[in-house]
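Chains, contacts and geometry: an overview
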Amino acid sequence: MDDGGGIRMTTVVAIDGPAGSGKSSVSRAAARELGFDYLDTGAAYRALAWRCIEQGIDTHGPRDVIESLDSFEYSIGIDPDRYFVRVGSEDVTEDIREPRVSAIVSRVARIPEVRSYLVELFRSIIASSSRPGIIVEGRDITTVVAPDAEVRILLTATEEARMGRRSAEIAGVSAEKTAQELSSRDAQDSQVVDFMNAADGVTTVDSTDLDFDQTVLAVVNLVRTQAG
Ligand code: DC
């Protein structure tokens, strides 16, 4: 980010991609390797959706969700070794991954007022980083949140590979159900932001034939060459 005086303080690495592309775990491992911070933006959409469920806020229309933003107290750990997500004083790190949250998060994420509120929040979190860099991952980071990031990456994999990884992550849920949920969430989310095609200047990393360590290395190498 630019401090206004033209001095680059923190290198911003923007990573977008669909569900199951390995974005979160790859971004976190790459941040660790580089000594950077790591910001998972999907966690904020999930935390808001979780709070709507807990407080009985109607997510079918935008009004109640928008009103709830005023009292949304959100915090997230950006140290890759101290990741947490909190709403108020409650730790919701695990709760926001529950299927009941995944099932409604797209509805919350498609509300323009929610998006602009969270985009500002993400920018202030990025500005608060005191490390040499921060990896920010989500769906609209390369295009909306940080379009001027030094490094911009689209992390993809074939639908088959993504579904295979996601069902390996979620024990006890059938592969078909996982595949169905993932593709319906991607279909809904991609109506709001295009995270399937790389925008101008964005480098695509296709992880279909790469294992986890190879994908992390590909990202780390890109950061070292493009931000160096
Ligand atoms: O990456 P994830 O599955 O934790 O994201 C949760 C939801 O939030 C997902 O359905 C899409 C939405 N999201 C978004 O719209 N923009 C982002 N930058 C990050 C996530």
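To start, this report covers the structure provided alongside it. Remember, it's a predicted structure, so these values are computed and weren't measured experimentally.

This next bit is on the pattern of salt bridges. Scanning the model with the defined rule gives 12 salt bridges in all. The closest approach of N and O atoms between lysine 23 and glutamate 137, which form a salt bridge, is 3.6 Å. Of this pair, lysine 23 sits in helix H1 (residues 23-34) while glutamate 137 sits in strand S6 (residues 133-138), and the two are 114 residues apart along the sequence. When sorted by exposure, lysine 23 lands in the same class as glutamate 137, which is buried. Measuring nitrogen to oxygen at the nearest pair gives 3.1 Å for the salt bridge that ties arginine 97 to aspartate 40. Here arginine 97 is found in the loop between strand S5 (90-91) and helix H4 (99-109), whereas its partner aspartate 40 is found in strand S2 (residues 37-40), with 57 residues between them in sequence. Looking at arginine 97, the relative accessible area reads 38%, which means it is partly exposed. Assessed through its relative accessible area of 5%, aspartate 40 is described here as buried.

One pass over the full model with this rule turns up three aromatic pairs. Relative to tyrosine 83, the ring of tyrosine 38 lies with its centre 6.1 Å away and its plane at 40°, an arrangement referred to as tilted. Separated by 45 residues along the polypeptide, tyrosine 38 in strand S2 and tyrosine 83 in the loop between strand S3 (74-76) and strand S4 (85-87) bring together distant segments of the chain. Assessed through its relative accessible area of 2%, tyrosine 38 is described here as buried. Both rings, one in tyrosine 45 and one in phenylalanine 122, keep their centres 6.1 Å apart while their planes meet at 55°; by these two values the pair is tilted. One end of the pair, tyrosine 45, is in helix H2 (residues 42-54); the other, phenylalanine 122, is in helix H5 (residues 112-127), and 77 residues separate them in sequence. Look at tyrosine 45 and you get buried, because its relative accessible area is 7%. A cation over a ring is seen here: arginine 86 above phenylalanine 84, with NZ or CZ 4.0 Å from the ring centre. The cationic tip of arginine 139 hangs over the ring face of phenylalanine 195; the distance from NZ or CZ to the ring centre is 5.3 Å.

On to H5, then. The α-helix advances 3.6 residues per turn, and as a result positions three or four apart in sequence lie on the same side. The terminal C-alpha atoms of H5 lie 23 Å apart, and with 16 residues this matches the ideal 22 Å at 1.5 Å per residue to within 8%. All of the buried residues in H5 are Val114, Arg115, Leu118, Val119, Phe122, Ile125 and Ile126. Around the axis of H5, the buried residues are gathered within 130° of arc, so they sit on the same side.

Moving on, we come to the site of the ligand. Not every one of the 16 residues close to the ligand is listed here, only the nearest: Arg46, Arg115, Arg139, Asp140 and Asp189. In the complex, the protein chains occlude 97% of the 450 Å² of accessible area that the ligand would expose alone. A majority-of-atoms criterion places the ligand in the largest pocket.

Compared with the 18 Å implied by 1.5 Å per residue over 13 residues, the 18 Å span of H2 between its first and last C-alpha is a close match. Taking burial as the measure, the 13 residues of H2 include 10 buried ones, the bulk of the element. Here H2 has its buried residues at Ala43, Ala44, Tyr45, Arg46, Ala47, Leu48, Ala49, Trp50, Arg51 and Cys52. Glycine 56 lies just past H2 and shows a positive phi near 65°.

One open sheet accounts for five strands, arranged S2-S6-S1-S7-S8; its pairing is parallel. Of all strands in the sheet, those bounded by a partner on one side alone are S2 and strand S8 (203-206). In this sheet, adjacent strand axes meet at a mean angle of 25° when their direction is disregarded. Note: strand S1 (residues 11-16) against strand S7 (residues 151-156), four bridges, orientation parallel. Residue pairing across strands places isoleucine 15 opposite isoleucine 153, the latter belonging to S7. Strands in contact with H1 are S1, S2, S6 and S7; relative to S6, the strand with the most contacts, it is inclined by about 180°.

Basis of the calculations
- Residues numbered from 1 in each chain as written.
- Predicted model: local features only at pLDDT ≥ 70, side-chain atom pairs only at ≥ 80, totals over all residues.
- Heavy atoms only, no water.
- Salt bridge = Lys/Arg side-chain N within 4 Å of Asp/Glu carboxyl O.
- Helix = DSSP H or I, 4+ residues; strand = E, 2+ residues; numbered from the N terminus.
- Buried < 20%, exposed > 50% of the residue type's maximum accessible area, 1.4 Å probe, protein only.
- Phe/Tyr/Trp six-rings, centres within 6.5 Å; stacked < 30°, edge-to-face > 60°.
- Lys NZ or Arg CZ within 6 Å of the ring centre and 35° of its normal.
- Expected span 1.5 Å × (residues − 1).
- Arc of directions from axis to C-beta.
- Near = heavy atom within 4 Å.
- Areas by Shrake-Rupley, 256 points an atom, 1.4 Å probe, with all protein chains shown as cover.
- 1 Å grid on protein atoms, 1.4 Å probe; cavity = no way out; pocket = protein on both sides within 12 Å on 5 of 7 lines; lining within 4 Å.
- Sits in = over half its atoms within 2 Å of the grid points.
- Pairing = 2+ DSSP bridges.
- Axes fitted to C-alpha atoms, helices over the stretch in contact; angles between N-to-C directions.
- Contact = heavy atoms within 4.5 Å.

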